[in-house]
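# Residue-level structure breakdown
Chain residues, written in single-letter form:
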Amino acid sequence: MELIHLTAGDGEEWWKYYEQVGEPGPYHRPDYLQTLAGNLEHDDERAEAIVLEDGDDIVYYPYIRRSLESVPFADEAETDLSEYDDIVSSWYYGGPFTSRDDGELCEMFAAEFSDFCGSENIVAEFVRFDPNERNYERFDCLEPGFNRETVPVDLTKDEETIWNEFEKRNRNAIRQAQETKLVVEPTNDHEDYEAFYEIYTNAMDAKDATDHYRFEYSFFVDLLETDISTLLVATYDNNVVGGAMVVHDEKIAHDYLRASNPDYWDMRVNNLLCYGALMNMRDTGRKIFDFQGGRPGVFKFKKSFSPDRAEMYLGTSVHLPEVYDKLTDEANRAGIDTDSGYFPKYRVEKSN
């Protein structure tokens, strides 16, 4: 049995293990994590993966590692934060995957990984398990807890069945949009990238969104120039009025980032964007379109596209309890609400 630590410089080996565990989806690919790192919440993020080899079987776990120097009380901390890190799973989904459905292998991995975290001064770990891969079912030892429902659309169904499974109000909204001059289509034009980025940024400003949902333009371009992302734009009289960025592999597509000009909401541009995105993914051979979850208002909109539900689970681990408690005390003295339910307690919530 061997534990292997992979970083961005181990590209070829990283890909080998990703493929060996069954290529579990775009959020778990090395190229996606390496594009995401430094753009999710903090500049100092690094993409890494741990692999446990046991004969021909492996456990594969990619994640984002971040220095504790980015905590909000860093300037007044008594602890030498440069010595410590914590980790968070890929966004939206992450967690470990195994090539063998064996609880014993998962438990061995959990023990080995906890020892690794101790040796690397990794204080805490936050995991968003993948509801499509259902990897929470194999890792009971990590005590996953139910967080929310998500909304998958089965793209293997015929087009008429998919349409009929939309809620009536959604079908009416899409018809209303189709009666206008709105057009939704995929694009690789950088002028469209810029137009969508401006619309998306304006939407985040209007919502006073946290840093978690704000990205540099370079991130949009870097992601869209890979083969795991597609941008569809809604145009009206040749002007971009909305867009949907979809992250995907050959099997599954995810509703990733989406925004539209509020001047066109009455035309139901958002409904048409989502319909266009999922049908484009169906036409290009994907099997599932995952709308993911969201807060109540967002979820109400998403569930109008499918009667199906999946379950998202979260996992948390504290690998250095004494350091964790000390950091929590320091955060509390600095005025951070350490009883909000957010994990880890010493950080401030930046996402939902």
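Okay, so let's go over this structure. Please read these numbers as outputs of a predicted model, since none were measured by experiment.

## What about the sheet that holds strand β10 (residues 229–236)?
The 6 strands are arranged β8-β13-β12-β11-β10-β9 in an open sheet whose pairing can be described as mixed. Two strands bound the open sheet, and with one partner strand each, they are β8 (152–154) and β9 (183–187). Along the sheet, successive strands turn relative to each other by an average axial angle of 25°, direction set aside. Strand direction decides the pairing type here: strand β11 (residues 239–248) and strand β12 (residues 252–260), joined by 7 bridges, are antiparallel. Considered in β12, the bridge of V246 is made with D255. Its contacts with the sheet place helix α6 (residues 190–207) against β9, β10, β11 and β12, and it is angled at close to 90° to β11. Against the sheet, helix α8 (residues 269–283) engages β9, β10, β11, β12 and β13 (288–290), with an angle of about 140° to β10.

## What to know about the packing of helix α5 (residues 168–178) against α8
For the pair α5 and α8, the least separation of the axes is 8 Å and the interaxial angle reads 95°. With respect to α8, the element α5 is oriented roughly perpendicular. Along its contact with α5, which presents N170, A173, I174, A177 and Q178, the element α8 presents N271, L272 and Y275. Along the lines of polarity and charge, the residues of the contact of α5 with α8 split into 5 nonpolar, 3 polar and no charged.

## Describing the nonpolar core
If you look at the biggest cluster of nonpolar residues, it comprises 64 residues, and the most contacted ones within it are Y60, W91, V123, Y256 and Y346. Sorting elements by how many residues they give to this core places α6 first, with 7 residues. When residues no more than four places from it in sequence are discounted, the contact partners of Y346 are L68, V71, P72, F73, D86, V123, A124, Y324, L327, T328, A331 and I336. Counting 30 residues, the second largest nonpolar core, distinct from the first, contains F166, L182, A234 and A244.

## Comments concerning α6
Over its 18 residues, α6 runs 26 Å from end to end, which matches the ideal 26 Å to within 8%, given 1.5 Å per residue. When α6 is considered as a whole, its buried residues turn out to be D192, Y193, F196, Y197, I199, Y200, A203 and M204. Down the axis of α6, the buried side of the element spans an arc of 170°, and every buried residue falls inside it. Away from its buried face, by an angle of more than 90 degrees, α6 presents the exposed residues E191, E198 and A206.

## Brief notes about the pattern of salt bridges
According to the stated counting rule, one finds 20 salt bridges in the structure shown. The residue R100 makes a salt bridge to D57 at a minimum N-O spacing of 2.9 Å. Here D57 lies in strand β3 (residues 57–67) and R100 lies in the loop between β5 (97–98) and α3 (103–119), a separation of 43 residues in the sequence. Residue R65 is joined to E120 by a salt bridge in which the shortest nitrogen-to-oxygen separation is 3.0 Å. Of this pair, R65 sits in strand β3 while E120 sits in the loop between α3 and β6 (122–128); the two residues are 55 residues apart in sequence, bridging distant segments of the chain. R65 gets classed as buried once you look at its relative accessible area, which sits at 4%.

## So, the packing of α6 against helix α7 (residues 217–224)
Two packed helices can be described by the angle between their axes and the distance between those axes. Running from N to C, α6 and α7 point in directions that differ by 135°, and their axes come no closer than 10 Å. Taken together, the axes of α6 and α7 lie oblique to each other. Helix-helix and strand crossings are classified by hand; for α6 and α7 the assignment is right-handed. On the side of α6, the interface is formed by H190, Y193, E194, F196, Y197 and Y200, while α7 contributes Y217, F220, V221 and L224. Of the residues contributing to the contact of α6 with α7, the split by class is 8 nonpolar, 1 polar and 1 charged.

## Describing the environment of K168
Within the secondary structure, K168 is located in helix α5. Separated by 166 residues in the primary sequence, K168 and A334 have C-alpha atoms spaced 51 Å apart.

## Observations concerning α5
For α5, the set of buried residues is N170, R171, A173, I174 and A177. Along the long axis of α5, the arc covered by the buried residues comes to 160°, so they all point the same way. Buried positions along α5 lie against α4 (159–165) and α8.

## A word on the environment of D102
Turning to its location among the elements, D102 is positioned in the loop between β5 and α3. Under the relative-accessibility criterion, D102 is labelled partly exposed at 21%. The sequence separation of D102 and V233 amounts to 131 residues, and the corresponding C-alpha distance is 44 Å.

What counts and how
- Numbers given for residues are sequential positions, taken from 1 along each chain in its written order.
- Residue-level local features of this predicted model are given only where pLDDT is at least 70; pairs of side-chain atoms are given and counted only at 80 or more, and the full residue set underlies all totals for whole chains, interfaces and linings.
- As a rule here, side-chain values cover all heavy atoms of the structure and leave hydrogens and water aside.
- Here, any two strands with at least 2 DSSP bridges between them count as paired.
- A run of H or I in DSSP becomes a helix once it reaches four residues, and a run of E becomes a strand once it reaches two; helices and strands are each numbered from the N terminus.
- Axis lines are fitted to C-alpha atoms, over the contacting stretch for helices. Their N-to-C directions set the angle, which ranges from 0 to 180 degrees.
- Here a residue-residue contact requires only that any non-hydrogen atoms of the pair lie within 4.5 Å.
- Orientation categories follow fixed angle ranges, with anything under 35 degrees roughly parallel, anything over 145 roughly antiparallel, 65 to 115 roughly perpendicular, and all other angles oblique.
- Residue polarity follows a fixed list, in which Ala, Val, Leu, Ile, Met, Phe, Trp, Tyr, Cys and Pro are nonpolar, Asp, Glu, Lys and Arg are charged, and the others, Gly among them, are polar.
- Take the buried residues of types Ala, Val, Leu, Ile, Met, Phe, Trp, Tyr and Cys, join any two whose side-chain atoms come within 4.5 Å, and each joined set is a nonpolar core.
- For every residue, the accessible area (1.4 Å probe, protein chains only) is compared with the maximum for its type, and the residue is labelled buried under 20%, exposed over 50%, or partly exposed between those bounds.
- Multiplying 1.5 Å by the helix residue count minus one yields the expected span of that helix.
- This arc corresponds to the set of directions leading from the helix axis out to the C-beta atoms.
- Here, a salt bridge means any Lys or Arg side-chain nitrogen found within 4 Å of an Asp or Glu carboxyl oxygen.
- Crossing handedness: left-handed means the near helix sits turned counterclockwise from the far one by under a right angle, and right-handed means the same turn made clockwise.

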